[in-house]
Amino acid sequence: MRVGIGHDTHRLVEGRPLILGGVRIDFDRGLAGHSDADIVLHAVADALLGAAALGDIGELFPDTDPQHEGLDSGKLLAEVVSRVASAGWRAVNCDLVIHAQRPKLLAHKPAIRANVARLLGLPEDAVNVKAKTGEHVGPIGRSEAMSCEAIVLVTRA
Ligand code: MG
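First, a word on what this report is: a plain description of the structure on this page. (Residues numbered from 1 in each chain as written. Predicted model: local features only at pLDDT ≥ 70, side-chain atom pairs only at ≥ 80, totals over all residues. Heavy atoms only, no water.)

### A closer look at the coordination of the magnesium ion
So, step 1. At this site the magnesium ion is bound by Asp8 (OD), His10 (NE2) and His42 (ND1), with donor distances of 2.1 to 2.2 Å.
So, step 2. Counting along the primary sequence, the residues that act as donors to the magnesium ion give the motif D-x1-H-x31-H. (Donors = N, O, S within 2.8 Å, 3.2 Å for Na, K, Ca; no water.)

### Structural notes on the packing of aromatic side chains
So, step 1. Inspection of every chain in the model, using the stated rule, returns zero aromatic pairs.
So, step 2. Stacked on the ring of tryptophan 89, the Lys or Arg arginine 156 has its end atom at 3.8 Å from the ring centre. (Phe/Tyr/Trp six-rings, centres within 6.5 Å; stacked < 30°, edge-to-face > 60°. Lys NZ or Arg CZ within 6 Å of the ring centre and 35° of its normal.)

### Things to note about the pairing of strand E6 (residues 127-132)
So, step 1. Sheet analysis places strand E5 (residues 89-99) next to E6, joined by six bridges and oriented parallel. When the bridges of E6 are listed, histidine 99 appears paired with lysine 132. (Pairing = 2+ DSSP bridges. Helix = DSSP H or I, 4+ residues; strand = E, 2+ residues; numbered from the N terminus.)

### Brief notes about the pairing of strand E1 (residues 2-13)
So, step 1. Relative to strand E7 (residues 145-156), E1 is paired through ten bridges, and the arrangement is antiparallel. The partner of threonine 9 across the bridge, within E7, is serine 147.
So, step 2. Where E1 meets strand E4 (residues 30-31), two bridges bridge the pair, whose relative direction is antiparallel. Bridge pairing in E4 links valine 13 to glycine 30.

### What about the layout of surface pockets?
Empty pockets left among the atoms are what a rolling probe the size of a water molecule brings to light.
So, step 1. Empty space within the largest pocket amounts to approximately 270 Å³.
So, step 2. Along the walls of the largest pocket sit 15 residues, with Ser35, His42, Ile57, Phe61 and Asp63 positioned nearest its centre.
So, step 3. If you list the elements that add at least two residues to the lining of the largest pocket, you get E1, helix H1 (39-51) and helix H2 (57-60).
So, step 4. In terms of residue count, the dominant contributor to the lining of the largest pocket is E1 (three residues). (1 Å grid on protein atoms, 1.4 Å probe; cavity = no way out; pocket = protein on both sides within 12 Å on 5 of 7 lines; lining within 4 Å. Points joined across faces, edges and corners; volume = space filled by probe spheres on them.)

### A few points about the packing of H1 against helix H4 (residues 109-120)
So, step 1. Here H1 crosses H4 at 35°, and the two axes come no closer than 12 Å. Classified by chirality, the crossing of H4 by H1 is right-handed. When H1 is examined against H4, the residues Val40, Leu41, Val44 and Leu48 are found in contact with a partner set consisting of Ile112, Val116, Leu119 and Leu120.
So, step 2. Here the contact of H1 with H4 is built from residues that sort into eight nonpolar, no polar and no charged. (Axes fitted to C-alpha atoms, helices over the stretch in contact; angles between N-to-C directions. Left-handed = near helix turned anticlockwise from the far one by under 90°. Contact = heavy atoms within 4.5 Å. Nonpolar A, V, L, I, M, F, W, Y, C, P; charged D, E, K, R; others polar.)

### A word on unusual backbone geometry
So, step 1. Between arginine 102 and proline 103 the backbone carries a cis peptide bond, its omega angle lying at -10°.
So, step 2. Mapped onto the elements, proline 103 comes out in the loop between E5 and H4.
So, step 3. One non-glycine residue, alanine 37, lies in positive phi territory at about 60°.
So, step 4. When you line up the elements, alanine 37 lands in the loop between E4 and H1.
So, step 5. Even without glycine at this site, serine 143 takes up a positive phi of about 60°.
So, step 6. Within the secondary structure, serine 143 sits in the loop between helix H5 (138-141) and E7.
So, step 7. Assessed through its relative accessible area of 8%, serine 143 is described here as buried. (Buried < 20%, exposed > 50% of the residue type's maximum accessible area, 1.4 Å probe, protein only.)

What follows is the structure, encoded as structure tokens:
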């Protein structure tokens, strides 16, 4: 077995949809980025790549490539799952922490969990979603950005 860690941060801006874990969340701002800026799926993808020692999503999906503009991060994660499978690994479980001052994510956790589980090909009880505020300090606490950390365990497929 092997373990991998992933992290992502994006700025919060007006005029963008907020998408976390592939789930569209009603909010007055969204995350800025070349793709759909889904910090959850980016962190999970990097954790998976890390576990398989396959680099990071910046290498696989350069943000200089116009092909990736507005990219659905679900497709990105599906591609990562496929590459990791080709390298002989499959996910065992995933734990993640979303850092966001607002909105309250409690009601959205089940949908995020279900979608991450679906994308990783895991049962829902192998995925855990945690949410933390920024205690009103720093860029997270001032609602200038959101972050996500993910950890994924893999085993030989
Ligand atoms: Mg990102």
